[in-house]
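Summary of structural features
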Amino acid sequence: MLLYPKYYYKNVQSIDLEELYKAKIKGIILDVDNTLIDYKRIMPEEIKEWVKEAKNKSFKVCILSNSNKKDKIEKVASDLELKYIMSAKKPFRVGYIKVLRLLNLEPEECVAVGDQVFTDVIGANRMNINSVYVEPINKKEYWYTKWKRPIEEWILNKYKAKKESEVK
């Protein structure tokens, strides 16, 4: 289903790189706002370590953000030593097409990680990229995201119930 992620993790640093490797994933596409940094632009140290480990394991890692705040995206990209694409217009295809070209990978060889169903999950799923939903770093967020959260919560609760019923 277009609204459901392929993978669900508590946060970026809990994403199992070994699981991705076994699934033949070669590229990791990361969202920024509330995925890598919080509202105050603070990045947990564990994320830096996780990205470093991913690169050491030969994953190609890149940032894809809807933000048009160049100073913010450049700072995150610089801190993590990653290439980036901003103003991505997720869930539309244009940003994903650019990032796939940048990584020189096919959609099925990548995961796209983000904290929003309506941009990150739907956008990745539309492109046949494996979607990874992570819970937002912080409850404080921009007004244009906040109003969607109750709907996303409802969708994610249905997703979790479906996953639980599949296990039984």
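Residues numbered from 1 in each chain as written. Predicted model: local features only at pLDDT ≥ 70, side-chain atom pairs only at ≥ 80, totals over all residues. Heavy atoms only, no water.

1. Describing the overall build of the protein chain
Selection criterion: A run of DSSP states H or I qualifies as a helix once it reaches four residues; a run of E qualifies as a strand once it reaches two. Both are numbered from the N-terminal end. A radius of gyration in this sense is built from C-alpha atoms; the matching globule rule multiplies 2.2 Å by the number of residues raised to 0.38. With a 1.4 Å probe rolled over the protein chains alone, any residue whose accessible area is under 20% of its type maximum counts as buried; one over 50% counts as exposed, and the rest are partly exposed. Contacts: residue pairs with any heavy atoms within 4.5 Å of one another. For accessible areas, the Shrake-Rupley method is used with a probe of radius 1.4 Å. Any residue's cover is judged against the shown protein chains and nothing else. Neither His nor the chain termini are counted; the positive set is Lys and Arg, and the negative set is Asp and Glu. In plain terms, the charge of a residue is placed at NZ if it is Lys, CZ if Arg, CG if Asp and CD if Glu.
Along the protein chain, the regular secondary structure elements total seven helices and six strands. The C-alpha atoms of the protein chain give a radius of gyration of 15 Å, which matches the 15 Å a tight globule of 168 residues would have. Along the first, second and third principal axes, the C-alpha atoms of the protein chain reach 45 × 40 × 30 Å. Here the protein chain, with 168 residues, has 49% of them falling under the buried criterion. Across the protein chain, every contact between residues at least 6 apart in sequence was considered, and the portion connecting residues at least 24 apart equals 67%. For the protein chain, the exposed surface amounts to about 9300 Å²; the carbon and sulfur share of it is 53%. Computing the positive centroid from 33 side-chain charges and the negative centroid from 25, the protein chain places the two 4 Å apart.

2. Remarks on the packing of aromatic side chains
Note the threshold: Stacked, tilted and edge-to-face are the three classes assigned to paired rings of Phe, Tyr and Trp, where Trp is represented by its six-membered ring and a pair needs centres within 6.5 Å; plane angles under 30 degrees give stacked, over 60 edge-to-face, the rest tilted.
Scanning the model with the defined rule gives one aromatic pair in all. Centroid distance Tyr8 to Tyr133: 5.2 Å. Interplanar angle 35 degrees. Geometry classified as tilted. With a gap of 125 residues between them, Tyr8 in strand β1 (residues 7-9) and Tyr133 in strand β6 (residues 130-134) connect regions that are remote in the sequence. Classification of Tyr8 as partly exposed rests on a relative accessible area of 24%.

3. A word on the sheet that holds strand β2 (residues 27-30)
Put simply, the rule is: By the convention used here, strands pair only if DSSP detects at least 2 bridges between them. To get an axis, fit a line to the C-alpha atoms, keeping to the stretch in contact for a helix; angles then go from 0 to 180 degrees between the N-to-C directions.
The strand order across the open sheet built from six strands is β1-β6-β5-β2-β3-β4, with neighbouring strands paired in parallel fashion. Two strands bound the open sheet, and with one partner strand each, they are β1 and β4 (83-85). When the angles between neighbouring strand axes are averaged without regard to direction, this sheet yields 25 degrees. Pairing geometry for β1 and β6, over three bridges, is parallel. Following the sheet pairing, Tyr9 is matched in β6 by Val134. Contacting β5 (110-114) and β6, helix α5 (residues 117-126) crosses the sheet at an angle of about 160 degrees to β6.

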